[in-house]
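Observations on chain architecture
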Amino acid sequence: MTEEKLNWHSAFYDAIRLELEPYLDVLEFSFEHELNTNPLRIDAVIIKKEKGITIKKNIAEIFDVYNIVEFKSPDDYLAVNDFHKAMSYTHLYSAISKDVAITDVTLTFVVTRHPREVLKHLKEDCHYNVRQKHTGIYVVEGSLFPIQIIETKLLSEEDNLWLKDLSNNLEGSELKRIMSESSTMPKSNHIGAYLDVLLKANTKIAEEMRMNEAKAFYEMLERTGVVADFEARGEARGEAKAAEIIKSKDAALSQLAAEIAQLKAQLATYK
């Protein structure tokens, strides 16, 4: 982990688009969707352009016309109050959006950590029926609209590579597969933010890969546009370092000049 705060949400936006790539022409994505002029935002709203379209993807089986998605980064967790806040946002989205019936809306939570307290709360306090429809995908039944919780680390790489590997605890083989899959994609694909965050969050594994497969590693970064970002940051750091060195040297020269002037003044008193 670097000191720089990782933008997990931007990586998630890439990941969810990649997961639903076969349906990009029938889906509309709105990220950080503002509910009003105040700072109330939904992480993502995925809208079916045609109501009758069926999304044959495990993470989107509950999707209706308007699909709200809330994401928790690997450094965060889903708390009970987070669940109810998202529920209120879902009702508000329907209430303030023209022609959006609450019965046409779904709510999805995407988390890395197991939401034990939330699942317990939903069963015991809210009296909802919670069942694991697929490995890592919990469906919540009993609400006015469909709800699901996706625990990404339990998903399979075969079905959900991009969401499963949105992690700060990747194995070398997992990062290698991500790199391999990324290298075959068109440059137009949205994946730069995703790779950028994964490499920063898994620096040890990424460095080992860079050392062992330098040429392939660099080519992948260059193809996806990540290398340009890295080089820009490197140049910025280099320029800052150079300025620091120059400033340090100027200060040292100024100090030396002051000491020489003082010495000359002292010598003059002996003449």
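That block above? That's the structure.
Residues numbered from 1 in each chain as written. Predicted model: local features only at pLDDT ≥ 70, side-chain atom pairs only at ≥ 80, totals over all residues. Heavy atoms only, no water.

A closer look at the overall build of the protein
The number of helices and strands found in the protein is nine helices and seven strands. Per-residue burial for the protein yields a buried fraction of 44% across its 271 residues. In the protein, of all internal contacts separated by at least 6 residues, the share reaching a separation of at least 24 is 64%. (Helix = DSSP H or I, 4+ residues; strand = E, 2+ residues; numbered from the N terminus. Buried < 20%, exposed > 50% of the residue type's maximum accessible area, 1.4 Å probe, protein only. Contact = heavy atoms within 4.5 Å.)

Structural notes on the nonpolar core
In this structure, Phe12, Leu20, Trp162, Leu166 and Tyr194 are the most contacted members of the largest nonpolar core, which totals 45 residues. Of all the secondary-structure elements, those providing two or more residues to this core are α1 (8-19), β1 (27-34), β2 (41-48), β3 (66-71), α4 (157-164), α5 (172-183), α6 (192-201) and α7 (203-212). Setting aside its immediate chain neighbours within four residues, Phe12 contacts Val69, Phe71, Val110, Leu163 and Leu166. (Core = buried A, V, L, I, M, F, W, Y, C linked by side-chain atoms within 4.5 Å.)

Structural notes on the packing of aromatic side chains
Geometry of an aromatic ring pair is reported as the spacing of the ring centres plus the angle between the planes. Tallied over the entire structure, the rule returns five aromatic pairs. Between Phe12 and Phe71, the aromatic rings sit 4.4 Å apart at their centres with planes inclined by 5 degrees, giving stacked as the arrangement. Within this pair, whereas Phe12 is found in helix α1, its partner Phe71 is found in strand β3, the two being separated by 59 residues in sequence. Geometrically, the ring pair formed by Trp162 and Tyr194 is edge-to-face, given 5.7 Å between the ring centres and 75 degrees between the ring planes. Of this pair, Trp162 sits in helix α4 while Tyr194 sits in helix α6, and the two are 32 residues apart along the sequence. (Phe/Tyr/Trp six-rings, centres within 6.5 Å; stacked < 30°, edge-to-face > 60°.)

Considering unusual backbone geometry
Phi is positive for Asp99, which is not a glycine, with a value near 60 degrees. Classification of Asp99 as exposed rests on a relative accessible area of 67%.

Brief notes about the environment of Leu155
Its place among the elements puts Leu155 in the loop between β7 (147-151) and α4. For Leu155, a relative accessible area of 2% gives the class buried. On a C-alpha basis, the gap between Leu155 and His134 in space is 8.6 Å, while along the polypeptide they are 21 residues apart. With residues up to four places along the chain from it excluded, the contact list for Leu155 reads Thr135, Ile137, Ile150, Asn160, Leu163 and Lys164.

Examining the sheet that holds strand β5 (residues 129-134)
Taken together, seven strands build an open sheet; the order of strands is β1-β2-β3-β4-β7-β6-β5 and the sheet is mixed. At either margin of the open sheet sits one strand with a lone partner, and together these are β1 and β5. On average, each strand axis in the sheet is inclined to that of its neighbour by 25 degrees, with strand direction left out of account. Taken together, the five bridges between strand β4 (residues 105-111) and β7 define a ladder with parallel strand orientation. For Val110, the partnering residue across the bridge sits in β7 and is Ile150. Its contacts with the sheet put helix α2 (residues 80-96) on β1, β2, β3, β4 and β7, and the angle it makes with β4 is roughly 150 degrees. (Pairing = 2+ DSSP bridges. Axes fitted to C-alpha atoms, helices over the stretch in contact; angles between N-to-C directions.)

With respect to the environment of Gly142
By the secondary structure assignment, Gly142 is in the loop between β6 (137-141) and β7. Residue Gly142 is classed as exposed on the basis of its relative accessible area of 66%.

Side note on the packing of α4 against α5
At a minimum axis distance of 11 Å, the contact between α4 and α5 shows a crossing angle of 95 degrees. With respect to their mutual orientation, α4 and α5 come out roughly perpendicular. Residues Glu157, Glu158, Leu161 and Trp162 of α4 pack against Glu174, Arg177, Ile178, Glu181 and Ser182 of α5. Looking at side-chain class alone, the contact of α4 with α5 contains three nonpolar, one polar and five charged residues. (Parallel < 35°, antiparallel > 145°, perpendicular 65-115°, else oblique. Nonpolar A, V, L, I, M, F, W, Y, C, P; charged D, E, K, R; others polar.)

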